[in-house]
Amino acid sequence: MNNMIHPRKNIRLPYYDYTSKGIYFITICTKDREAYFGTITNGKLLLNDAGEMIEHIWQTIPNRFSSVSLHKYIIMPNHFHAIVEINHATTIQLGSIIGAFKSISTNRYINGVRNQNWKPFEKRLWQRNYYEHVIRNERSYRVLTEYIQNNPLSWEKDMFYRE
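Figured I'd write up the structure that's included with this text. (Residues numbered from 1 in each chain as written. Predicted model: local features only at pLDDT ≥ 70, side-chain atom pairs only at ≥ 80, totals over all residues. Heavy atoms only, no water.)

Topic: the packing of aromatic side chains
Applying the stated criterion across every chain yields a total of 13 aromatic pairs. A ring pair is formed by F25 and Y147, whose centres lie 6.2 Å apart and whose planes are at 75°; its orientation type is edge-to-face. With F25 in strand β1 (residues 22–29) and Y147 in helix α4 (residues 138–150), this pair connects stretches of sequence that are 122 residues apart. Owing to a relative accessible area of 33%, Y147 belongs among the partly exposed residues under this scheme. (Phe/Tyr/Trp six-rings, centres within 6.5 Å; stacked < 30°, edge-to-face > 60°. Helix = DSSP H or I, 4+ residues; strand = E, 2+ residues; numbered from the N terminus. Buried < 20%, exposed > 50% of the residue type's maximum accessible area, 1.4 Å probe, protein only.)

Given below as structure tokens:
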């Protein structure tokens, strides 16, 4: 796509320092919201091998970025929600952390397509961007933690749901 004809809208806060200490709620969707990571039946999430790989990579993010702590997260069939904390000011931006996660998981997924017969994808595994929300207080943190925890229960009503 030509960015001069179709400019991408910047969805980040214009004056916010994403390298500063903070807690963030993030959502990352697969391209075209295609389900690659498992299924949900009767409100119960069942990760497939690809979903388990996504979980493993997410859990290793603090090994790669020492300033990062992981809080509640959930891998859904076609998207991923997480609360991530940058513990102290750093030179690493939230976008770099998400970019590393997407890159590593895409490369591992490609390996799974080649060697384990995982569902192939066209051009990209993940959507180009991601959603983030700066968590600014305990109430917001609690609401978002509950949302993550209960996400499988409301899967068929979820905005990311596709049959």
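As for the pairing of strand β4 (residues 68–75)
Bridge count for β4 against strand β5 (residues 79–86) is 6 bridges, and the pairing is antiparallel. When the sheet's bridge partners are listed, S69 is paired in β5 with E85. Connecting β4 to the antiparallel partner β5 that follows it, the hairpin turn spans 3 residues. (Pairing = 2+ DSSP bridges.)

Here's the deal with the pattern of salt bridges
By the definition in use, this model includes 2 salt bridges. Taking the shortest distance from any N to any O, the salt bridge between K31 and D32 comes out at 3.1 Å. Owing to a relative accessible area of 25%, K31 belongs among the partly exposed residues under this scheme. Of the charged contacts, one joins E34 and K119 as a salt bridge, the two residues approaching to 2.6 Å between their closest N and O atoms. Pair noted here: E34 is in the loop between β1 and β2 (38–41) and K119 is in the loop between α3 (94–116) and β6 (131–135), with a separation of 85 residues, a long-range link. (Salt bridge = Lys/Arg side-chain N within 4 Å of Asp/Glu carboxyl O.)

Section: the packing of helix α1 (residues 49–59) against α3
Helix-helix packing: each pair is described by the crossing angle between the helix axes and the interaxial distance. Orientation of α1 relative to α3, taken along the N-to-C sense of each, is 150°, at an axis distance of 10 Å. For the element pair α1 / α3, the angle class is roughly antiparallel. Considering only the axes of α1 and α3, their crossing is right-handed. Of α3, the residues touching α1 (which contributes D49, A50, M53, I54, H56, I57 and W58) are F101, I104, S105, R108, Y109 and Q116. Residues of the contact of α1 with α3, tallied by class, amount to 8 nonpolar, 3 polar and 2 charged. (Axes fitted to C-alpha atoms, helices over the stretch in contact; angles between N-to-C directions. Parallel < 35°, antiparallel > 145°, perpendicular 65-115°, else oblique. Left-handed = near helix turned anticlockwise from the far one by under 90°. Contact = heavy atoms within 4.5 Å. Nonpolar A, V, L, I, M, F, W, Y, C, P; charged D, E, K, R; others polar.)

Describing the side chain of H79
Within the fold, H79 resides in strand β5. Of note is the side chain of H79, whose polar atom sits 2.8 Å from the side chain of N78. Of the polar contacts made by the side chain of H79, one reaches the side chain of H81; its length is 3.1 Å. (Polar contact = N/O pair within 3.5 Å; in protein donor to acceptor, adjacent residues only side chain to side chain.)

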